[in-house]
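A closer look at the structure
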Amino acid sequence: MKDTLKHQGLRNQLAKAIAAKGIENKNVLAAIAKIPRHLFLDSSFESFAYQDKAFPILADQTISQPYTVAYQTQLLEIMPGNKVLEIGTGSGYQTAVLMEMQAEVYSVERQNELFKKTKLFLPKLGYRPRHLGFGDGYKGLPDHAPFDKIIVTAGAPFVPKALLAQLKLGGMLVIPIGTTKQLMYLYKRTAVKHFEKHELEACKFVPMLEKKN
Ligand code: SAH
């Protein structure tokens, strides 16, 4: 669990590279420049941790590409105190970005192995999300709803109705939709029964699967 000046230098460069790709939100860039991404990866990938790439983690899953993490976070316009539901905790890196932006994070992961590992790991870096759960993201977290923002970090075949239902009025959901090829979508709840839908960039995520493992 070593974090050195060299790592710090590399992640400052990573934040600059992401800014050059169009991310403007200063708080998002500050979070990328602060979080020791190399500690979220297996040590064999440590020397690549500050490249703008996705890498394998446990249980055939991936830690998302930093640009994608920044892009989804920027779309959600996270404000301090926002109550945010994350589907797909994975390595916990996206969780850490949201927490650096002072969101109250509720996160759900369906791979038990990964869930257990990340639950132990995040507090070691000082990150204590409001809720880290093992469960099926298609259902969201009805007991903790409604949420200001919802972020899905796996490719879904469709937008789960339960997630739309758990958004506050004025709330936003960002979700990659598609199985092999995906597009990012942003939903805004503008009235109880009305959602604005925006189709955005192409992206690539591991699939959002049904049932728990
Ligand atoms: N946010 C993560 C990205 C992990 S990849 C990170 O920054 O590391 C997507 C994650 O979604 C994987 O860990 C996968 O196990 C999880 N996932 C897939 N289907 C899911 C579902 N139905 N409910 C919850 N999590 C799911």
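Moving on: the pairing of strand S9 (residues 194-203). Direction of pairing for strand S8 (residues 182-191) relative to S9: antiparallel, over a ladder of 8 bridges. The residue bridging Gln-182 from the neighbouring strand is Cys-203, located in S9. Turn length for the S8-S9 hairpin, with the two strands adjacent in sequence and antiparallel, is 2 residues.

Further remarks concern helix H3 (residues 66-75). Because each turn of an α-helix spans 3.6 residues, side chains separated by three or four positions end up pointing in the same direction. In terms of burial, H3 is a largely internal element, 9 of the 10 residues being buried. Listed as buried for H3 are Pro-66, Tyr-67, Thr-68, Val-69, Ala-70, Tyr-71, Gln-72, Thr-73 and Leu-75. Glu-77 lies just past H3 and shows a positive phi near 45°.

What follows deals with the sheet that holds strand S3 (residues 83-87). The 7 strands lie next to each other as S5-S4-S3-S6-S7-S8-S9, forming an open sheet whose pairing is mixed. Of all strands in the sheet, those bounded by a partner on one side alone are strand S5 (131-134) and S9. On average, adjacent strands in this sheet sit at an angle of 15° to one another, irrespective of strand direction. Sitting on the sheet, helix H4 (residues 93-100) is in contact with S3, strand S4 (104-109) and strand S6 (147-152), with an inclination near 170° to S4. Of the strands in this sheet, S4 and S5 touch helix H5 (residues 112-124), which is tilted by about 160° from S5.

Let's shift gears to the pattern of salt bridges. Taken as a whole and judged by the stated rule, the model has 6 salt bridges. We note a salt bridge from Lys-21 to Asp-52, for which the minimum N-O separation is 2.5 Å. Pair noted here: Lys-21 is in the loop between helix H1 (5-20) and helix H2 (26-34) and Asp-52 is in the loop between H2 and strand S1 (55-56), with a separation of 31 residues, a long-range link. Since its relative accessible area comes to 45%, Lys-21 is described here as partly exposed. With relative accessibility at 14%, the residue Asp-52 sits in the buried group. For Asp-148, the salt bridge goes to Lys-168, with nearest N and O atoms at 3.2 Å. On the criterion of sequence distance, the pair formed by Asp-148 in strand S6 and Lys-168 in strand S7 (residues 167-177) is long-range, its members being 20 residues apart. The class of Lys-168 is partly exposed, set by a relative accessible area of 31%.

Calculation rules
Residues numbered from 1 in each chain as written. Predicted model: local features only at pLDDT ≥ 70, side-chain atom pairs only at ≥ 80, totals over all residues. Heavy atoms only, no water. Pairing = 2+ DSSP bridges. Helix = DSSP H or I, 4+ residues; strand = E, 2+ residues; numbered from the N terminus. Buried < 20%, exposed > 50% of the residue type's maximum accessible area, 1.4 Å probe, protein only. Axes fitted to C-alpha atoms, helices over the stretch in contact; angles between N-to-C directions. Contact = heavy atoms within 4.5 Å. Salt bridge = Lys/Arg side-chain N within 4 Å of Asp/Glu carboxyl O.

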